[in-house]
Amino acid sequence: MKKLAKILSVILALALVLGLAACGGKTENDAEGNTEAPAVEGVDYSKVKIGFIFLHDPNASTYDANFYQAAKAVVANLGLSEDQVIYKWNIPEEGSDCYDTAAEMIDEGCNIIFADSFGHESNMLLAAADYPEVQFCHATGTHAIVSDLANYHNAFASIYDGRFLAGVAAGMKLNQMIEEGKITADQAKIGYVGAWPYAEVISGYTSFYLGARYICESATMDVVYTNSWFDIALEREGALKLIDDGCVLISQHADSEGAPKACEERGVPNVAYNKDTSDLGPTTAIVSSKINWEPYFTLIINSVAKGEAIPDDYCGSLATGSVQLTAVNEKVAAPGTAEKIEEVKALLEKGELKVFDTATFTVKGEKLESYTADVQDMGDYQPETEVIKDGAFVESGVDFGFRSAPYFDVIIDGITLK
């Protein structure tokens, strides 16, 4: 019954997000791909005060900047006043800083607390237990579906769809380079700068690679880890190492501008994450994938304002506008890239193409026929859920009844860890 209730709550949340246009006008996309969800008529937003906890400074971190831009947009769209929002930067994952910051925000009247980093979860859980009247919402976490806290919630998105589409753009560029004689087919090697060897990062670079290989069959990929979410020097160093090792295109799941700037320095094409990096790499940036957090922020604020429940675990999608790509940099991208992305996106939306189709990759030379993942995260790192279904690895998403945070942690053939 509890699982059924969770699924129903997610369905209701999805309906609310999709119904925002009917409540307040048409939902539109701006040049960055953000969605505008106007305030719902008749809802009293004076009841809401929300605190945002960021791991880094949004002026430096592309990851935190993405959250901050979404937060500002939703606050403006819903007509919240400045005194209804508190932003706190550079709140570390270690220690009690996140808990202490949340408590200070509550003392200042906040009844929604949002934290943006995986490592904030332990403190968010403690705070949720101590302040049951406050709603705690956390990005990329895993414990909401196993906790008994009615006021604690996790959220993420099926960003593997966006990364696959970004990979399509990369594959188009590789094919262009082959056709123009700049590289041979066997030199179509991608480099990827990853933060940590976590499922979130592995899922991301695997879906990106599969998207690239969907277009360029000879593509391979090398991955380096920085073991940090944000380190400009290490991310730059990682990108340069990959380039020196023969990688002809670079992508990343790390939070600084280090890799895009290194690519511009060396004249190597780059596919980024979280924000449009064409200002950093005008001659090298192709496109970026991103999670648009506006639908979720709109959902939680409307839910509190209306006295309605927030889903335990929310997973945005292409359909909700939560998974997006920035505008293609036509000066760098291969001709026809934007059109090809739209073509492949339509296949993903119809379910005619699956990112983790087990017919498209092997593991140690074998097809992945069965895999048990650690979905119900009890802290014991014990896999308990079969995730191969109908010929595909069923990654995170509301359509499947699993959690929102990624759990794909398989190293597939064609990807080499450096």
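Per-chain numbering applies: the sequence of each chain, read as written, is numbered from 1 onward. Note on the predicted model: pLDDT of at least 70 is required for a residue's local features to be given, and 80 or more for side-chain atom pairs to be given and counted; whole-chain, interface and lining totals, by contrast, use all residues. Computation of side-chain values covers all heavy atoms of the structure but excludes hydrogens and water.

On to the overall build of the protein, then. Comment: elements are numbered from the N terminus, with helices defined as DSSP H or I runs of at least four residues and strands as E runs of at least two. Scanning the protein from N- to C-terminus turns up eleven helices and 19 strands. A buried classification covers 59% of the 418 residues belonging to the protein. We call two residues in contact when some of their heavy atoms are within 4.5 Å. Considering only contacts within the protein whose residues lie at least 6 apart along the sequence, 68% involve residues at least 24 apart. Accessibility throughout is a Shrake-Rupley quantity obtained with a 1.4 Å probe, and a residue counts as covered only by protein chains that appear here. Split by element, the accessible area of the protein, about 16600 Å² in all, is 51% carbon and sulfur. With a 1.4 Å probe rolled over the protein chains alone, any residue whose accessible area is under 20% of its type maximum counts as buried; one over 50% counts as exposed, and the rest are partly exposed.

Right, let's talk about the nonpolar core for a bit. Core analysis: the biggest nonpolar cluster contains 96 residues, and Trp293, Tyr296, Phe297 and Ile301 have the highest contact counts within it. Residue contributions to this core peak at eleven residues, all from helix H6 (residues 159-179). The domain limits used here are those given by an automatic or database domain assignment. When residues of this core are assigned to domains, at least three map to each of domain 1 (50-158 + 294-316) and domain 2 (159-290 + 327-350 + 407-417). When sequence neighbours within four positions are dropped, the list of residues in contact with phenylalanine 297 reads Phe52, Phe67, Ala70, Ala71, Val74 and Phe114. Throughout, nonpolar core names a set of buried Ala, Val, Leu, Ile, Met, Phe, Trp, Tyr and Cys residues whose side chains join them through atoms within 4.5 Å. In terms of nonpolar packing, the next biggest core, distinct from the first, is built from 21 residues, Ile53, Ile106, Ala127 and Phe136 among them.

Attention now moves to helix H4 (residues 97-107). Those residues of H4 that fall on the buried side of the exposure criterion are Cys98, Tyr99, Thr101, Ala102, Ala103, Met105 and Ile106. Trailing H4 by a residue or two, glycine 109 shows a phi angle of about 105°, which is positive.

As a further point, take the sheet that holds strand S6 (residues 135-139). By definition, the strands of a sheet pair up through backbone hydrogen bonds, in either a parallel or an antiparallel sense. The strand order across the open sheet built from six strands is S4-S3-S5-S6-S7-S13, with neighbouring strands paired in parallel fashion. If you trace the sheet from one side to the other, it starts and ends with strand S4 (85-88) and strand S13 (313-316), each paired once. When strand polarity is set aside, the average angle formed by the axes of neighbouring strands in this sheet is 20°. Two strands qualify as a pair provided DSSP detects at least 2 bridges between them. Examined bridge by bridge, strand S5 (residues 112-115) and S6 share four bridges and lie parallel to one another. Paired with isoleucine 112 across the bridge in S6 is glutamine 135. Angular values range over 0 to 180 degrees, each being the angle between N-to-C directions of two axes fitted as lines to C-alpha atoms, with helices fitted over their stretch in contact.

Another aspect to go through is the packing of aromatic side chains. For Phe, Tyr and Trp, rings pair up if their centres lie within 6.5 Å, where Trp contributes its six-membered ring, and each pair is then called stacked (planes under 30 degrees apart), edge-to-face (over 60) or tilted (otherwise). On inspection of all chains with the given rule, the structure shows 32 aromatic pairs. Geometrically, the ring pair formed by tyrosine 192 and tyrosine 205 is edge-to-face, given 5.5 Å between the ring centres and 65° between the ring planes. Here tyrosine 205 lies in helix H7 (residues 199-215) and tyrosine 192 lies in strand S8 (residues 189-194), a separation of 13 residues in the sequence. Judged by its relative accessible area of 0%, tyrosine 192 falls in the buried class. Judged by its relative accessible area of 0%, tyrosine 205 falls in the buried class. Through pairs of rings, three or more aromatic residues link up here, namely Phe52, Phe54, Tyr63, Phe67, Tyr68, Tyr87, Trp89, Phe114, Trp293, Tyr296, Phe297 and Tyr314. A ring has a charge above it when a Lys NZ or an Arg CZ is no more than 6 Å from the ring centre and no more than 35 degrees off the ring normal. Cation over ring: arginine 163 sits above tyrosine 273, and NZ or CZ is 3.7 Å from the ring centre.

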